Amino acid sequence: MTLIRDLLAPWFHYAGPESFNNLQLDSRAVTEGDLFIAIPGHAVDGRRYIDAAITNGAAAVLCHSDDAKQHGVIEQRQVPVIFVSELSSQLAAIARQAYPFDGAKTQLIGVTGTNGKTSVSQLMAQLSSLLNEPAAVLGTIGNGMWGHLQDSVNTTSDPITTARQLNEFQQAKARLVSMEVSSHGLVQGRVATLPFSVAVFTNLSRDHLDYHGDMRNYALAKRRLFEFRKLKHRLFNIDDHIGLTWKNEFADQAHSYSIKTDADYQACNVRYSDDGVNAELVTAQGRYSLYSPLLGPFNLSNLIAALAALHLAGYELADLVSACAHIQPINGRMERFAAHNSATAVVDYAHTPDAIEHALQALRPHTKGKLWCVFGCGGDRDKGKRPLMAKAAEQNADVLVLTEDNPRSESVAEILRQMQQGLTQPQAAQLIPQRKAAIRYALTHAAADDLVLIAGKGHETYQEVLGQKYDYDERAFVRQVLQEQGEAL
């Protein structure tokens with residue numbers, strides 16, 4: 001247990017004798033001896049649930065105040081309620097105080113960008129583990145030591161959850177933690193006090209404009225990660241225009257990677273096949289022959305990013321490159337499913353125009369027959385990208401099946417109508433609102449030498465409709481349909 005006066009020492013003197021077990025933001029999660037943090041949130045105000053937290057056993061409450069004069073004031077209820085001026089903005093620092101994490105003992109690598117964050121962070125943790133160096137990951141697919149991930153709610157968790165998990169990873173002797181850093185997490189200060197040693201930028205394309213307003217604000221949100229003062233290395237994908245711009249702006253403080261042009265870490269002599277990719281990694285340290293079982297150019301780009309970041313973190317390049325032959329595909333990231341006498345399916349999380357385009361272009365060399373694309377667009381999100389996603393799919397696939405994704409509170413029919421606006425030949429696309437029916441249609445009508453990209457859900461195991469999340473594992477469903485058609489490979 002930790003004394004509350006020790007926790008608050010950097011902010012003000014608190015003389016109370018109380019101690020606490022864990023910090024909690026949700027009154028429902030409070031158990032006996034926890035310290036409840038009552039702050040206004042985006043959807044609800046935690047200050048409304050102080051009594052509920054006390055009933056559940058809170059040892060004390062830290063309460064946000066907008067009044068600087070109230071800073072340090074203590075209101076005695078059944079337990080002390082301690083007011084902290086602008087507590088919301090201090091949350092990350094308080095979390096670090098409660099759950100210490102030494103970046104010198106366990107390196108923390110942050111990955112940001114529109115696409116590729118999950119793959120790069122997962123590949124880093126996987127490669128480190130293949131070299132018998134314990135590693136953890138924080139991100140979209142899950143949080144935990146590699147091989148033991150637990151589901152995560154957000155790409156970047158709240159500061160308390162993140163600090164607690166980092167502390168746990170360090171106690172588990174992790175050499176490395178790779179962390180997806182979302183634009184929301186950066187703007188909302190969720191990672192403001194974290195000691196990143198390496199930051200990686202993958203790319204920038206349209207997404208989340210419902211939150212950021214325009215591409216400029218979206219880019220500036222991502223850029224915040226590279227302005228952290230204690231960063232030792234900044235790594236940019238210079239195949240992306242924004243990445244090249246930022247690499248030049250940070251100049252001698254930056255490193256570059258590319259699969260197209262001269263860079264500090266460059267893939268050359270690339271050869272794609274049905275078994276993956278062979279390439280040569282060219283660096284200032286030498287040239288290395290590289291094989292990876294992952295499909296497509298953007299997976300190669302993600303892999304080069306992971307290799308470069310780990311090398312900057314102190315890993316040996318030769319060992320990393322050798323380990324690449326043994327990496328496994330990331331769940332729901334260009335994940336291949338096949339059966340005898342049936343079309344091949346690839347499940348991918350692609351849910352932006354750029355991601356749809358790159359996924360289809362990556363699969364084209366692997367397609368002997370027709371290339372299909374089954375996809376939808378999420379409800380209550382950036383509506384402007386819906387016709388752009390349809391346009392990208394039409395330009396790069398042979399057959400389109402438009403369906404639902406997570407409609408949330410919106411009408412699926414209206415979402416499909418907005419998607420159709422991006423098509424030059426809307427009559428050629430199949431509209432099948434129910435997602436399972438759309439997938440089954442594609443896999444049963446596609447020829448054996450066709451390839452079907454099923455985009456949007458990826459690793460997710462739910463579908464969100466009218467405020468409810470229903471169990472839906474797309475990867476399991478695709479496997480089931482293929483098994484019904486023939487012997488699975």
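Per an unreviewed UniProt entry, the protein chain carries the name UDP-N-acetylmuramoyl-L-alanyl-D-glutamate--2,6-diaminopimelate ligase and comes from Paraferrimonas haliotis. The annotation that UniProt attaches to the protein chain under Cofactor (unreviewed entry) is "Mg(2+)". A UniProt comment under Sequence similarities (unreviewed entry) is attached to the protein chain, and it reads "Belongs to the MurCDEF family. MurE subfamily."

A closer look at the overall build of the protein chain
Within the protein chain, the secondary structure is distributed over 16 helices and 25 strands. In terms of overall dimensions, the protein chain is globule-like: its C-alpha atoms have a radius of gyration of 24 Å, near the 23 Å expected for 489 residues. When its C-alpha atoms are laid out on the principal axes, the protein chain stretches across 75 × 55 × 40 Å. Residues counted as buried form 57% of the 489 residues belonging to the protein chain. Expressed as a percentage of contacts within the protein chain between residues at least 6 apart in sequence, the contacts between residues at least 24 apart total 64%. For the protein chain, the exposed area adds up to about 20,700 Å²; of that, 46% sits on carbon and sulfur atoms. The average position of the 45 basic charges and that of the 53 acidic charges among the side chains of the protein chain differ by 2 Å.

Considerations on the sheet that holds strand E3 (residues 23–24)
The sheet built from five strands is open, its strands ordered E3-E4-E5-E7-E6 with mixed pairing. The two strands at the open ends of the sheet, each matched to only one other strand, are E3 and strand E6 (74–76). As paired elements, strand E4 (residues 35–38) and strand E5 (residues 60–65) share four bridges and run parallel to each other. Bridge pairing in E5 places alanine 38 opposite cysteine 63. Sheet strands touched by helix H3 (residues 87–98): E3, E4, E5 and strand E7 (80–85). Its angle to E5, the strand with the most contacts, is close to 145°.

Focus on the layout of surface pockets
Empty space within the second largest pocket amounts to approximately 260 Å³. Lining the second largest pocket are 17 residues; nearest its centre among them are Arg336, Thr344, His366, Lys368 and Leu451.

Remarks on the nonpolar core
Of all hydrophobic cores here, the largest spans 42 residues; its most connected members are Met124, Leu127, Val200, Tyr265, Ile304 and Leu307. The greatest single-element share of this core, amounting to ten residues, is contributed by helix H10 (residues 297–312). Once residues within four sequence positions are removed from consideration, isoleucine 304 is found in contact with Tyr257, Ile259, Tyr265, Ala267, Leu281 and Leu290. Core analysis: the second largest hydrophobic core is formed by 29 residues, Met334, Ala359, Leu363 and Leu400 among them.

Observations regarding the packing of helix H15 (residues 435–445) against helix H16 (residues 474–485)
Contact pair H15 / H16: the axes reach a minimum separation of 10 Å and the direction vectors enclose 40°. Taken together, the axis directions place H15 and H16 in an arrangement best described as oblique. The way H15 lies across H16 gives a crossing that is right-handed. Residue-level inspection shows Arg435, Lys436, Ile439, Arg440, Leu443 and Thr444 of H15 in contact with H16, the latter providing Glu474, Phe477, Val478, Gln480, Val481, Leu482, Glu484 and Gln485. Of the residues belonging to the contact of H15 with H16, the class tally is six nonpolar, three polar and five charged.

So, helix H12 (residues 353–363)
Counting buried positions over the eleven residues of H12 gives eight, a clear majority of the element. Those residues of H12 lying buried are Pro353, Asp354, Ala355, Ile356, Ala359, Leu360, Ala362 and Leu363. In this structure, the buried side of H12 is in contact with H10, strand E19 (344–348), strand E20 (371–375), helix H13 (385–396) and strand E23 (451–455).

The rules behind each value
- Residues numbered from 1 in each chain as written.
- Predicted model: local features only at pLDDT ≥ 70, side-chain atom pairs only at ≥ 80, totals over all residues.
- Heavy atoms only, no water.
- UniProt positions renumbered as here; feature names shortened; annotations may be inferred.
- Helix = DSSP H or I, 4+ residues; strand = E, 2+ residues; numbered from the N terminus.
- Rg over C-alpha atoms; globule rule 2.2 N^0.38 Å.
- Buried < 20%, exposed > 50% of the residue type's maximum accessible area, 1.4 Å probe, protein only.
- Contact = heavy atoms within 4.5 Å.
- Areas by Shrake-Rupley, 256 points an atom, 1.4 Å probe, with all protein chains shown as cover.
- Lys, Arg positive; Asp, Glu negative; His and termini not counted.
- Charge placed at Lys NZ, Arg CZ, Asp CG, Glu CD.
- Pairing = 2+ DSSP bridges.
- Axes fitted to C-alpha atoms, helices over the stretch in contact; angles between N-to-C directions.
- 1 Å grid on protein atoms, 1.4 Å probe; cavity = no way out; pocket = protein on both sides within 12 Å on 5 of 7 lines; lining within 4 Å.
- Points joined across faces, edges and corners; volume = space filled by probe spheres on them.
- Core = buried A, V, L, I, M, F, W, Y, C linked by side-chain atoms within 4.5 Å.
- Parallel < 35°, antiparallel > 145°, perpendicular 65-115°, else oblique.
- Left-handed = near helix turned anticlockwise from the far one by under 90°.
- Nonpolar A, V, L, I, M, F, W, Y, C, P; charged D, E, K, R; others polar.

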